[in-house]
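Architecture at a glance
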Amino acid sequence: MKKVYIETMGCQMNKSDTERMLGMLTHFGYEETENPKDADLLMVNTCSIRQLSEDKSFSLIGTWGRWKKESKPDLKIGFCGCVAQQKAEQIFKRAHYVDFVLGTHNIYKLPEIIKAVENGEKICECTETHKTEYTRGFGIKRVKSVNAWVNITEGCNNFCTYCIVPYTRGRERSRLPEVIIQEAKDALAQGHKEITLLGQNVDSYGKDFTDRNYRLADLLRDLNALEGEFRIRFVTSYPTDITDELIETVVELDKVCEYFHIPMQSGSSEVLKKMNRRYDRETYAKIVEKVRKMVPDVTITSDFIAGFPGETEEQFVETLTAIDEFELDYSNVAAYSPREKTVAAKWVDKYIPEDIKEERFQRLNDKVKENCLKSNLKYVGREMEVLVESFYERRGVMINTGKTRNNKTVHIPCEENLIGKFVNVKISGAKTWYLKGELI
Ligand code: SAH
Ligand code: SF4
Ligand code: F3S
C-alpha cells in the first residue's frame with residue numbers, strides 16, 4: 001500500500017472534500033498516514049478566504065518541495081481546494097515541484113489524476129462544472145469523530161463584495177435528498193452520533209430543484225425519522241432566508257438541535273449595504289428576536305469582519321453594540337482581507353490601515369469573549385444533555401468533553417471514557433469558552 005497524507009485547511013467544506021478524496025484514494029491503493037514524512041503522496045486542501053490562509057498553503061508546499069528535492073525525488077505533491085481552483089496553472093509557475101493541481105469542481109477525477117501522476121505526468125484540473133457528486137460510489141473515509149459532515153449544497157450565489165467563495169466554489173447547487181439521506185444512514189451505521197448538514201446558505205437548499213418541491217425543512221423531517229439516537233445540526237444560515245417553517249421545524253423535531261449560526265458580518269446598515277448583504281441592522285435584529293422567542297434556550301452565533309473598506313470608527317462601534325444588543329452567544333471574527341476578483345478589493349482608496357484594522361479586530365475579540373462568558377453564565381445550575389466527543393487527561397484529572405444540544409462545550413471530570421454517549425449533567429460553573437458539568 002502507498003501512503004497518503006492530506007493537510008486540510010479552511011472550513012468544513014474542505015474537511016468534507018478531504019474525506020471524499022480519501023475515500024477514493026483508499027479504493028485505489030492508498031492508505032492514510034498521520035506522518036507527512038512517511039508519505040508517498042502529499043496533498044494540501046487549501047483555503048483562500050483570507051490572504052493569510054492562502055500564504056499558509058504556499059509555505060507548507062515549500063517545505064514539501066524541499067523534502068522532494070533533498071531526499072525523496074519520487075514524492076508526489078498535490079495542490080487542491082479553493083486556492084487551486086482560483087490559481088490553476090499558475091501554481092506550477094510558483095511551485096514547479098507540484099505534480100497536480102486539483103480545483104474544488106473536479107474532485108471526482110482524482111483516480112485518473114493519480115494514475116497519470118504516477119506515470120510522471122503533470123496535471124491541472126480546475127475547470128468549473130455543475131457537479132454535486134464527487135465520490136463515484138467509492139465512498140467517504142470519515143475522520144474518527146462523533147460528528148459527521150454532510151454537504152447539502154455546493155457553491156454560493158450571493159456574491160458578498162468581500163468574499164471569494166462564489167469564485168472558488170461556483171454557483172449554488174443542491175444535492176439530491178436521496179443521496180444525502182443515504183450518506184447520513186451510512187454515517188450513523190458507522191457509529192457517528194451527530195449529522196451536521198453543510199452549505200454556504202443552507203436555507204436555499206432545494207431552490208434549484210425543478211422536479212420537486214423539497215426544502216431544508218423537508219430534509220430535516222426525513223432525517224429526523226431515521227432510527228437511532230443521534231443529533232442533527234445545520235450550518236450556515238443566511239439571515240433573511242430563514243423561514244418561519246424552518247424555525248418551527250427545529251422546535252418540533254426532537255433530533256434537530258437548538259442552534260443557529262447566522263453571520264451578521266457588520267452591525268452597521270451602511271456597511272452591510274456595501275457588503276451586498278441583503279438586510280440591515282433592524283432586519284437582522286427582528287430575525288434574531290424571532291428565533292429566540294420561538295426556540296427556547298437557542299444558541300445564536302455569528303461572524304463579523306473588522307475593517308471593511310471605508311468602515312468608520314462609528315460604524316465599527318455599531319458592530320460592538322450589535323453583539324451586546326442581540327446577545328450573540330459567540331462570533332467568529334476576522335480582519336478584512338482583500339481578495340482577488342471581489343468587488344470590495346477594488347476600493348483601494350478606502351482600505352483601512354493595518355494598525356487600525358488590527359486594533360478593531362482586538363476590540364471585537366474582547367467583545368466576543370465578554371459575551372461568550374455572559375452567555376455561558378446563564379446555564380450555571382441547569383441540567384443539560386451532553387454528547388461526549390473527547391476524553392483526555394489534564395493535570396492528573398480525566399476529563400470528558402462534549403456539547404449540549406445548543407452547542408455549548410462542557411467539561412466533565414470522570415474516569416470513564418464516555419465518547420459517543422449521551423449523558424445528563426448539572427452545570428457547576430462557567431468559563432469563557434466552556435461550561436463545567438457534573439454527571440447526574
Ligand atoms: N456563507 C457564510 C460564510 C462563509 S465564509 C455566510 O454567508 O456568512 C466564512 C466567514 O469568513 C464569513 O462569514 C466572513 O465573516 C469571513 N470572510 C469572508 N471573506 C472575508 C474576507 N475577505 N476578509 C475577512 N473575512 C472574510
Ligand atoms: Fe461568501 Fe456571502 Fe456566499 Fe457567505 S453568502 S459564502 S459570505 S458570498
Ligand atoms: Fe471554505 Fe476557505 Fe474555501 S472557508 S469554501 S475552504 S475559501
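The structure this text deals with has already been given above.
Predicted model only: the values in this text are computed from it and were never measured.

1. Observations concerning the packing of aromatic side chains
In the structure shown here, the tally under the stated rule is 15 aromatic pairs. Ring centres 6.4 Å apart and planes at 75° place the aromatic pair tyrosine 205 and tyrosine 214 in the edge-to-face group. A residue is classified by how much of its surface remains accessible, and tyrosine 205, at 0% relative accessible area, is buried. The interplanar angle of 75° and the centroid separation of 5.6 Å between the aromatic rings of phenylalanine 308 and tyrosine 336 together place this pair among those described as edge-to-face. One end of the pair, phenylalanine 308, is in the loop between β13 (299-306) and α12 (313-325); the other, tyrosine 336, is in the loop between β14 (330-335) and α13 (354-377), and 28 residues separate them in sequence. Its relative accessible area of 1% is what places phenylalanine 308 among the buried residues. Aromatic rings pair up to connect Tyr162, Phe308, Tyr336, Trp347 and Tyr351 into one cluster. Seen from the ring of tyrosine 108, lysine 131 lies directly overhead, with NZ or CZ sitting 4.5 Å from the centre. Above the ring of phenylalanine 209, the side-chain terminus of arginine 212 is found at 5.5 Å from the ring centroid.

2. A few points about the pairing of strand β1 (residues 2-8)
Pairing of β1 with strand β2 (residues 30-32), which is carried by three bridges, proceeds in the parallel orientation. Bridge pairing links lysine 2 to tyrosine 30 in β2. Note that the unit made of β1, helix α1 (residues 12-27) and β2 has a crossover that is right-handed. Taken together, the five bridges between β1 and strand β3 (residues 41-46) define a ladder with parallel strand orientation. Bridging across to β3, isoleucine 6 finds its partner in methionine 43.

3. Some remarks on the site of ligand 1
In the vicinity of ligand 1, 15 residues are found, and the nearest of them are Tyr162, Gln200, Gln265, Asp303 and Ser337. Within the side chain of glutamine 265, one N or O atom sits 2.7 Å away from an oxygen atom of ligand 1. The contact in question runs from an oxygen atom of ligand 1 to an N or O atom on the side chain of aspartate 303, over 2.6 Å. Elements that contribute at least two residues to the shell around ligand 1 include exactly β13 and β14.

4. Thoughts on the side chain of lysine 87
Turning to its location among the elements, lysine 87 is positioned in helix α3 (residues 82-87). With relative accessibility at 13%, the residue lysine 87 sits in the buried group. Of note is the side chain of lysine 87, whose polar atom sits 3.1 Å from the side chain of glutamate 340. If sequence neighbours within four positions are ignored, lysine 87 has contacts with Glu54 and Glu340.

5. Overview of unusual backbone geometry
Between valine 235 and threonine 236 the backbone carries a cis peptide bond, its omega angle lying at 5°. Relative to the helices and strands, threonine 236 resides in the loop between β11 (231-235) and α9 (244-252). At glutamate 327, a position not held by glycine, the phi torsion is positive, near 50°. Locating glutamate 327 in the fold gives a position in the loop between α12 and β14. Of note, the phi angle at arginine 395 is positive, near 45°, even though the residue is not glycine. Secondary-structure assignment places arginine 395 in the loop between β15 (383-394) and β16 (397-404).

Basis of the calculations
Residues numbered from 1 in each chain as written. Chains lettered and ligands numbered in written order. Predicted model: local features only at pLDDT ≥ 70, side-chain atom pairs only at ≥ 80, totals over all residues. Heavy atoms only, no water. Phe/Tyr/Trp six-rings, centres within 6.5 Å; stacked < 30°, edge-to-face > 60°. Buried < 20%, exposed > 50% of the residue type's maximum accessible area, 1.4 Å probe, protein only. Helix = DSSP H or I, 4+ residues; strand = E, 2+ residues; numbered from the N terminus. Lys NZ or Arg CZ within 6 Å of the ring centre and 35° of its normal. Pairing = 2+ DSSP bridges. Right-handed = clockwise from strand over helix to strand, strands pointing away. Near = heavy atom within 4 Å. Polar contact = N/O pair within 3.5 Å; in protein donor to acceptor, adjacent residues only side chain to side chain. Contact = heavy atoms within 4.5 Å.

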